[in-house]
Amino acid sequence: SFKPDNLVTRAEFAILLTKAFPNTQPIRNAIAFKDVPVTHWAHAAIQAATRAGFFSGYPDGTFKPSLPIPRVQALVALASGLQIPSHPNPNEVLPQYLDDAAAVPNYARRAVASSLQRKLVVNYPQVRRLNPEFNTSRGDVAALLCRALALPGVPYQYVPGFVAIAPTFDAADNFIQGLAKVRVGEKWGYIEPSGKIVIPAQYDEAQSFVE
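Predicted, not measured: the structure shown is a model, and the values here were computed from it.

Colleague: Could you give an account of the overall build of the protein, naming the residues involved and the relevant values?
Modeller: Each helix and strand counted, the protein has six helices and four strands in total. Summarising its shape, the C-alpha atoms of the protein cover approximately 70 × 35 × 35 Å along the three principal directions. Counting over 211 residues, the protein shows a buried share of 39%. Contacts in the protein between residues at least 24 apart in sequence constitute 63% of all its contacts with a sequence separation of at least 6. Considering the protein, the positive charge centre built from 20 side chains and the negative charge centre built from 16 side chains are found 8 Å apart.

Put into structure tokens, the structure is as follows:
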């Protein structure tokens, strides 16, 4: 069994991060956390994740390895370790994706906004509710790491900002300047992100719109 609803502790998340991103280079020195002695079962992973920038610990010098990690902390840790640039205007971005944007704590707003724009966030069952202070489950972490590693498997309807388009075309290119090329048979046309046809498939050849 996988037990997808079981909660993930901070120590377990540290181990998963070091396994998922084994080539992350250290960016800081190790921290001697008061509550993570060298005899702790996850000591090596916690130190590796901390040196890589995923974690900083708490102001009192503790790591709290046995605490379940809240969803917002998991996102901040991932964004920090992957060195995702902080968004300069999170208060504008968050409400575009989340109905509970006001519940995102101040320390995490920039990281969460950047993670949303990069389509890393997975919200189940309500795509517009992050529930930032809910504890993270094993299923949550699996989905989050799949998004961060560009692995398939996460249904797009649970990724805020994604617009699902039914596979009605034979081929399609990435959206550029708000439009994407699509092929129906041997003809090319263009659609917008909602899936609405802007130019029907009527050309033998087409290139992406620029300017």
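Colleague: Run through unusual backbone geometry, naming residues and quoting values.
Modeller: The omega angle of the peptide bond from Tyr124 to Pro125 is 5°, so this bond is cis rather than trans. Here Pro125 shows up in the loop between α5 (109–117) and α6 (138–148). For Lys64, which is not a glycine, the phi torsion comes out positive at approximately 55°. Its location among the elements puts Lys64 in the loop between α2 (43–51) and α3 (71–81). In this model, Lys119 sits at a positive phi of 60°, which is unusual for a non-glycine residue. Within the fold, Lys119 resides in the loop between α5 and α6. The exposure class of Lys119 is buried, given its relative accessible area of 19%.

Colleague: Could you give me a rundown of the nonpolar core, with the residues and numbers involved?
Modeller: Proteins that are soluble and globular tend to have nonpolar side chains buried together. Ranked by internal contacts, the top residues of the largest apolar core, which has 41 residues, are Phe13, Leu17, Ile46, Phe55, Leu94, Leu98 and Val112. Among the secondary structure elements, those contributing two or more residues to this core are α1 (10–20), α2, α3, α4 (90–97), α5 and α6. Tallying contributions element by element places α3 first for this core, with seven residues. Beyond its immediate stretch of four places on either side in the chain, Leu17 contacts Phe54, Phe55, Leu78 and Leu145.

Colleague: A description of the packing of aromatic side chains should follow, citing residues and the corresponding values.
Modeller: If you walk through the whole model with that rule in mind, you get seven aromatic pairs. Here Phe55 and Phe63 contribute two aromatic rings whose centre-to-centre distance is 5.0 Å and whose plane-to-plane angle is 70°, an arrangement assigned as edge-to-face. The interplanar angle of 80° and the centroid separation of 5.0 Å between the aromatic rings of Tyr124 and Tyr158 together place this pair among those described as edge-to-face. Placement of Tyr124 in the loop between α5 and α6 and of Tyr158 in the loop between α6 and β1 (171–172) is noted, with a sequence separation of 34 residues between them. An aromatic cluster of three or more residues is present, and its members are Phe13, Phe33, Phe55 and Phe63. Between the NZ or CZ atom of Arg10 and the centre of the ring of Phe63, over which it lies, the distance is 4.4 Å. The cationic tip of Arg138 hangs over the ring face of Phe2; the distance from NZ or CZ to the ring centre is 4.2 Å.

Colleague: So, α2: which residues are in play, and what are the values?
Modeller: In an α-helix, one turn spans 3.6 residues, which is why side chains three or four residues apart end up on the same side. Of all the residues in α2, the buried ones are His43, Ala45, Ile46, Gln47, Ala49 and Thr50. Residues of α2 that are buried sit in contact with α1. Note on α2: the residue one or two positions beyond its end, Gly53, has a positive phi of about 95°.

Colleague: So what's going on with the pattern of salt bridges? Residues and values would help.
Modeller: One pass over the structure, following the stated rule, counts five salt bridges. Its salt-bridge partner being Asp140, residue Arg71 comes within 3.5 Å of it at the nearest N-O pair. Placement of Arg71 in helix α3 and of Asp140 in helix α6 is noted, with a sequence separation of 69 residues between them. Among the salt bridges present, the one from Lys181 reaches Asp173, with a minimum N-O distance of 3.0 Å. In this structure Asp173 comes out as partly exposed when scored by relative accessible area, which is 35%.

What counts, and at which threshold
- Residues numbered from 1 in each chain as written.
- Predicted model: local features only at pLDDT ≥ 70, side-chain atom pairs only at ≥ 80, totals over all residues.
- Heavy atoms only, no water.
- Helix = DSSP H or I, 4+ residues; strand = E, 2+ residues; numbered from the N terminus.
- Buried < 20%, exposed > 50% of the residue type's maximum accessible area, 1.4 Å probe, protein only.
- Contact = heavy atoms within 4.5 Å.
- Lys, Arg positive; Asp, Glu negative; His and termini not counted.
- Charge placed at Lys NZ, Arg CZ, Asp CG, Glu CD.
- Core = buried A, V, L, I, M, F, W, Y, C linked by side-chain atoms within 4.5 Å.
- Phe/Tyr/Trp six-rings, centres within 6.5 Å; stacked < 30°, edge-to-face > 60°.
- Lys NZ or Arg CZ within 6 Å of the ring centre and 35° of its normal.
- Salt bridge = Lys/Arg side-chain N within 4 Å of Asp/Glu carboxyl O.

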